[in-house]
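# Observations on the three-dimensional arrangement
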Amino acid sequence: MTRRVVLAFALLLPATTPVGFLHAFQQTFRSGTLGVRVDVLVTDGRRPVGGLSAADFDLRDNGVAQSLEVVDATDVPLNVVLALDTSGSTTGTRQADLVAASQALLDGLEPVDRAALTTFNHAVTPEIALTADLAGVRDALLRITPSGRTAVMDGVYVALTSTLAQPGRSLVVVCTDGSDISSWLRPDDVLESAKRSNAVIYAVTSADARRVSSLEKLTDATGGDMLRVASSADLRGAFEAILQEFRSRYILAYTPTGVPPGGFHRLDVRAKRRGLTVRARPGYIGVEPAK
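Residues numbered from 1 in each chain as written. Predicted model: local features only at pLDDT ≥ 70, side-chain atom pairs only at ≥ 80, totals over all residues. Heavy atoms only, no water.

Each helix and strand counted, the chain has six helices and 15 strands in total. Residues classed as buried in the chain amount to 53% of the 291 residues present. Within the chain, contacts between residues separated by at least 24 positions form 78% of all contacts whose residues are at least 6 apart in sequence. Approximately 13300 Å² of the chain is accessible, and the part contributed by carbon and sulfur atoms is 50%. (Helix = DSSP H or I, 4+ residues; strand = E, 2+ residues; numbered from the N terminus. Buried < 20%, exposed > 50% of the residue type's maximum accessible area, 1.4 Å probe, protein only. Contact = heavy atoms within 4.5 Å. Areas by Shrake-Rupley, 256 points an atom, 1.4 Å probe, with all protein chains shown as cover.)

Moving on to the nonpolar core. Counting 30 residues, the largest nonpolar core has Leu 84, Val 204, Leu 235 and Phe 239 as the members making the most contacts within it. At the level of secondary structure, the elements contributing two or more residues to this core comprise strand 6 (78–85), helix 1 (93–107), strand 7 (114–120), helix 2 (134–142), strand 9 (169–176), strand 10 (200–206) and helix 6 (235–247). A per-element tally of this core places helix 6 first, with six residues. Among all residues touching Leu 84, those that are not within four sequence positions of it are Leu 98, Ser 102, Leu 117, Thr 118, Thr 119, Phe 120, Leu 141, Ile 144, Cys 175 and Phe 239. (Core = buried A, V, L, I, M, F, W, Y, C linked by side-chain atoms within 4.5 Å.)

Here the focus is helix 1. Relative to the 21 Å expected for 15 residues at 1.5 Å per residue, helix 1 spans 21 Å between its end C-alpha atoms, a close match to the ideal helical length. The set of residues buried in helix 1 consists of Gln 95, Leu 98, Val 99, Ala 101, Ser 102, Gln 103, Ala 104, Leu 105 and Leu 106. The inward-facing, buried residues of helix 1 contact strand 6, strand 7, helix 2, strand 9 and helix 6. (Expected span 1.5 Å × (residues − 1).)

With that settled, consider the sheet that holds strand 8 (residues 124–131). If you walk across this open sheet you meet the six strands as 8-7-6-9-10-11, and the pairing is mixed. The strands lining the two open edges of the sheet, one partner per strand, are strand 8 and strand 11 (225–229). Direction aside, the axes of adjacent strands within the sheet are offset by 15° on average. Pairing of strand 9 with strand 10 involves six bridges; the strand directions are parallel. Paired with Thr 176 across the strands is Thr 205, a residue of strand 10. (Pairing = 2+ DSSP bridges. Axes fitted to C-alpha atoms, helices over the stretch in contact; angles between N-to-C directions.)

Now the structure itself:
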């Protein structure tokens, strides 16, 4: 039987978090063996590549080659967190297209998968926690009323916290049409939290959106991607493409050897076959084993 190992990261709130806005979380690994799980996308050009085995990958943790296993992704349920911009600029057709795109993504989930909904304008509302009741998520989508300004970083942070200590693979889909002008949290603090989570962040934004470098850094830090759409009519295709791509990713699992358990671990993941491109998070923050 394939040995299962899971990713364990600690997520600590930055000291600058406003009192009463968010609660402090810490995820503690309690096993005697620290396992790491890395979501990896392999492409040939833009086409995802399937059928690879552990022998087809070379993964180095802080420069040290590791012995890998590939976990069958079809055995691992998904946790999909929608983090949606509901500021005043999304009213009308944009809102309708956003809801339709979100519904289409939910259509692509399996019975074992779960979904959650977080909305953000100048404030953040965790509308629906992770649940298998997709009908409830659909109903919440229909109740969205756009208003106010935009707090992207705060919205991403709350979405990330909803994936803590959850079994399965976590995907956060962030959609915004504008710049962040209202967040309390600093982008660097949210970036640090993303590095400590096991979620993969994909972002969808308008082609003409400005000042989205902080959002792009979050997707890069988790091995995700940022998609730019010409109009809200393209949101549905983008959401469906994200889910399809996420399902085509590999899960590489290993128990780190030859490296200290704590601190930042730089990851270098490559496919041994020439011409293939690998996308994965560039590193993780290790946790000292419990004594």
